[in-house]
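Here is what each chain is made of, one letter per residue.
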Amino acid sequence: MLIRRPPDIETSEITDEKLYWNRREFIRSATGVVAGLATPSVLAACGEPRRAEAAERRAARDDELTPYEDVTSYNNFYEFGTDKRDPSRYAGSLRIRPWTVTVEGEVHKPGVWDIDDVLKLSPLEERVYRLRCVEAWSMVIPWQGFSLSEFIKRVEPTSHARFVAFYTLHDPEQMPGQRRRILDWPYVEGLRLDEAMHPLTLLTFGLYGRTLPNQNGAPIRLVIPWKYGFKSIKSIVRVRFLREQPVNTWQAEAAREYGFYANVNPNVDHPRWSQARERRIGEFRKRPTLMFNGYADQVGHMYAGMDLRRNF
Amino acid sequence: MQIKSGTCMPVWTSAATSEPGRVSILPLRRALKPAVFLTSLVPFGLLIVDFVFDRLGAEPIEEITHRTGTWGLTFLVITLAVTPVRRLTGWNAVIRLRRMLGLFAFFYVSLHFLTYIVLDQFFAFSFILEDVAERPYIMVGFASFLLLIPLAVTSTKGMIRRLGRRWTQLHRAIYLAAAGGVIHFLWQVKADTRRPTIYGLVLVTLLAARLVNVSKSHGR
């Protein structure tokens with residue numbers, strides 16, 4: 001299995017599997033590493049360039065993996081209820097096989113894909129991404145998947161395709177949260193085609209080396225690390241290529257609060273709360289939120305010249 | 001002795017009510033207040049226990065914020081229900097619980113406020129000021145908390161005596177604080193407005209009960 005990693009994540013950051021199964025053990029060892037690096041005597045011994053290097057390493061260390069237990073028990077997945085713990089309690093009713101993904105719209109090869117055929121398209125990679133929720137909390141999660149572009153290339157979008165819309169399963173029997181119209185089901189998300197083709201956009205099948213738990217969007221979801229979490233749509237059954245920009249679910253719900261782009265941006269506040277800082281799950285003090293969630297070098301060019309205050 | 005409508009008879013006088021003919025239920029009456037006191041502490045106790053045993057979930061600060069806020073609003077509503085319950089059931093002894101319940105509302109709302117200042121923001125006053133000034137739901141919540149302070153301060157017997165009629169007028173502000181609490185809750189949730197709506201409906205019902213009673217007593 002080929003394991004490729006995005007450029008900003010060091011190999012050393014990926015935690016040994018033995019460690020991450022035991023939360024307490026994991027936290028103890030992780031804090032040990034951080035404390036060791038932050039010791040002033042160590043820093044004082046370094047010269048200028050070394051200090052900068054150490055600071056960089058410390059910034060990377062600041063992205064310790066969020067424990068598996070938290071990643072899988074604190075979820076926004078309204079299809080299973082609006083409390084953060086509802087998805088882990090109720091997502092058991094979701095049947096993830098058989099599962100198909102319908103491809104339609106502006107493509108040369110529309111059709112219905114079996115999930116297991118999608119899985120075989122490309123080797124799975126592990127990607128450790130920061131996940132920043134629009135509610136101002138964040139996690140660091142090791143995902144397994146491959147770039148969405150691998151899939152898109154196979155279905156051959158037409159020259160008219162400028163946007164892609166994704167749809168979550170709509171089945172109130174399997175998804176009890178859909179029995180009430182909290183949102184306009186099914187959940188819809190959309191990307192500009194260049195965003196969808198960006199190598200960081202991950203078509204995701206697993207986390208922490210395991211198949212995706214149902215509450216995390218099994219069996220197939222997107223992870224778009226520079227956008228607020230709600231863009232990373234879960235349990236996808238339909239992909240539609242479009243000429244026009246689609247309206248995503250949260251934008252339809254409250255256009256003043258949630259835009260189409262939803263790029264992480266500390267300078268543009270949500271009308272009801274500040275986006276300048278975030279709480280990393282498991283930490284006490286809030287930390288500053290980074291532009292494009294820290295992926296500005298990789299994705300910033302796609303938004304050059306755009307008024308990000310208007311296109312929030 | 002029959003207590004008349006609260007608008008013309010200060011309710012606290014009932015605290016001293018004891019009738020010679022009903023001595024037999026006195027022990028029960030005496031137990032009522034401590035029992036309610038201890039029951040009112042249960043949510044706080046559970047919070048401590050869940051904290052100690054790490055059962056507050058992945059985001060404990062959010063959980064503490066939500067629980068203390070919910071209980072603050074719940075106790076406000078319970079406090080407001082005391083007078084209508086007394087009128088409906090004729091159970092006058094319940095009025096002796098009102099001050100305590102109101103103070104528990106203040107207790108939980110204060111915990112909610114302190115959770116925000118200390119645990120959530122960790123005294124980052126520039127961010128706190130920005131929140132209070134720019135986020136309507138925080139502004140309303142903060143105003144409601146401020147409004148409860150004079151009510152808690154004037155809840156002593158001495159203050160009740162000193163303020164006289166004005167005490168009753170002042171303490172009507174609890175309706176405003178509770179309404180502010182409901183709005184704070186409603187404006188905070190993302191899409192699921194069920195719970196704040198329920199609180200709102202209960203509050204409107206209680207206020208309606210009160211207004212109906214006022215108009216009745218004025219008609220007399």
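Shown above is the structure to which this text applies.
Bear in mind the structure is a predicted one, so any value in this text is a computation, not a measurement.

Enquirer: Honestly, the overall build of chain B in this entry has me stumped. Any pointers?
Expert: Each helix and strand in chain B was counted, giving 9 helices and 0 strands. Reading chain B from its N terminus to its C terminus gives the helix and strand order α-α-α-α-α-α-α-α-α. Buried positions account for 42% of the 220 residues belonging to chain B. A separation of at least 24 residues holds for 64% of the contacts in chain B among residues at least 6 apart in sequence. Of the roughly 12200 Å² that chain B leaves accessible, carbon and sulfur atoms contribute 71%.

Enquirer: What is the right way to read the packing of helix α5 (residues 136-153) of chain B against helix α8 (residues 173-188) of chain B from this model?
Expert: When two helices pack together, their arrangement is captured by the angle between the axes and the distance separating the axes. Residues and elements named next belong to chain B. Look at α5 against α8: their axes get within 8 Å of each other, and the N-to-C directions meet at 155 degrees. Judged by the inter-axis angle, α5 sits roughly antiparallel to α8. The element α5 and its partner α8 pack so that their crossing is left-handed. Every residue of α8 that contacts α5 at Pro136, Tyr137, Ile138, Val140, Gly141, Ser144, Leu147, Leu148 and Leu151 is listed here: Ala173, Ile174, Leu176, Ala177, Gly180, Gly181, Ile183, His184, Trp187 and Gln188. Residue classes in the contact of α5 with α8 are distributed as 13 nonpolar, 6 polar and no charged.

Enquirer: I would appreciate a short explanation of the sheet that holds strand β2 (residues 111-114) of chain A in the present structure.
Expert: The strands making up a sheet associate through hydrogen bonds between their backbones, and the pairing can be parallel or antiparallel. Residues and elements named next belong to chain A. The 5 strands lie next to each other as β2-β1-β10-β5-β6, forming an open sheet whose pairing is mixed. Across the chains shown, the open sheet's two edge strands, defined by having one partner strand only, are β2 and β6 (188-192). With strand direction ignored, the average angle separating the axes of adjacent strands in the sheet is 20 degrees. Relative to strand β10 (residues 236-242), strand β1 (residues 100-105) is paired through 4 bridges, and the arrangement is parallel. Paired with Gly105 across the bridge in β10 is Phe241. Sheet contacts for helix α8 (residues 148-155): β1, β2, β5 (163-168) and β10; angle to β2, the most-contacted strand, approximately 140 degrees.

Enquirer: Mind showing me how you'd approach the packing of helix α4 (residues 125-134) of chain B against α5 of chain B here?
Expert: Residues and elements named next belong to chain B. Put simply, α4 and α5 touch, their axes get as near as 5 Å, and they point 95 degrees apart. On the basis of the axis angle, α4 is roughly perpendicular to α5. Where α4 abuts α5, its residues Asp131, Val132, Ala133 and Glu134 lie against Pro136, Ile138, Met139 and Phe142. Within the contact of α4 with α5, the residues separate by chemical class into 6 nonpolar, no polar and 2 charged.

Enquirer: Whenever I open this one, the side chain of Asp120 of chain B confuses me. Can you help?
Expert: In this fold, Asp120 of chain B is placed in helix α3 (residues 98-120). Judged by relative accessible area, which is 17%, Asp120 of chain B ranks as buried. Discounting chain neighbours no more than four positions away, the residues touching Asp120 of chain B are Arg279 and Lys286 of chain A together with Ile61 and Thr115 of chain B.

Enquirer: Where do I start with the interface of chain B and chain A in this structure?
Expert: Interface extent is often summarised as the accessible area lost during association of the parts. Taken together, the contact pairs 25 residues of chain B with 31 residues of chain A. With both sides pooled, the region where chain B packs onto chain A buries about 2300 Å², and carbon together with sulfur makes up 47% of that total. Counting every contact that joins chain B to chain A gives 8 salt bridges. On the surface where chain B and chain A come into contact, there are 13 residue pairs in polar contact (both at pLDDT 80 or more). When contributions to the side of chain B that touches chain A are tallied by element, the ones reaching two or more residues are α2 (60-89), α3, α4 and α8 of chain B. Residue composition of the side of chain B that touches chain A, by class: 11 nonpolar, 2 polar and 12 charged.

The rules behind the values
- Residues numbered from 1 in each chain as written.
- Chains lettered and ligands numbered in written order.
- Predicted model: local features only at pLDDT ≥ 70, side-chain atom pairs only at ≥ 80, totals over all residues.
- Heavy atoms only, no water.
- Helix = DSSP H or I, 4+ residues; strand = E, 2+ residues; numbered from the N terminus.
- Buried < 20%, exposed > 50% of the residue type's maximum accessible area, 1.4 Å probe, protein only.
- Contact = heavy atoms within 4.5 Å.
- Areas by Shrake-Rupley, 256 points an atom, 1.4 Å probe, with all protein chains shown as cover.
- Axes fitted to C-alpha atoms, helices over the stretch in contact; angles between N-to-C directions.
- Parallel < 35°, antiparallel > 145°, perpendicular 65-115°, else oblique.
- Left-handed = near helix turned anticlockwise from the far one by under 90°.
- Nonpolar A, V, L, I, M, F, W, Y, C, P; charged D, E, K, R; others polar.
- Pairing = 2+ DSSP bridges.
- Buried area = accessible area lost by both parts, 1.4 Å probe.
- Salt bridge = Lys/Arg side-chain N within 4 Å of Asp/Glu carboxyl O.
- Polar contact = N/O pair within 3.5 Å; in protein donor to acceptor, adjacent residues only side chain to side chain.

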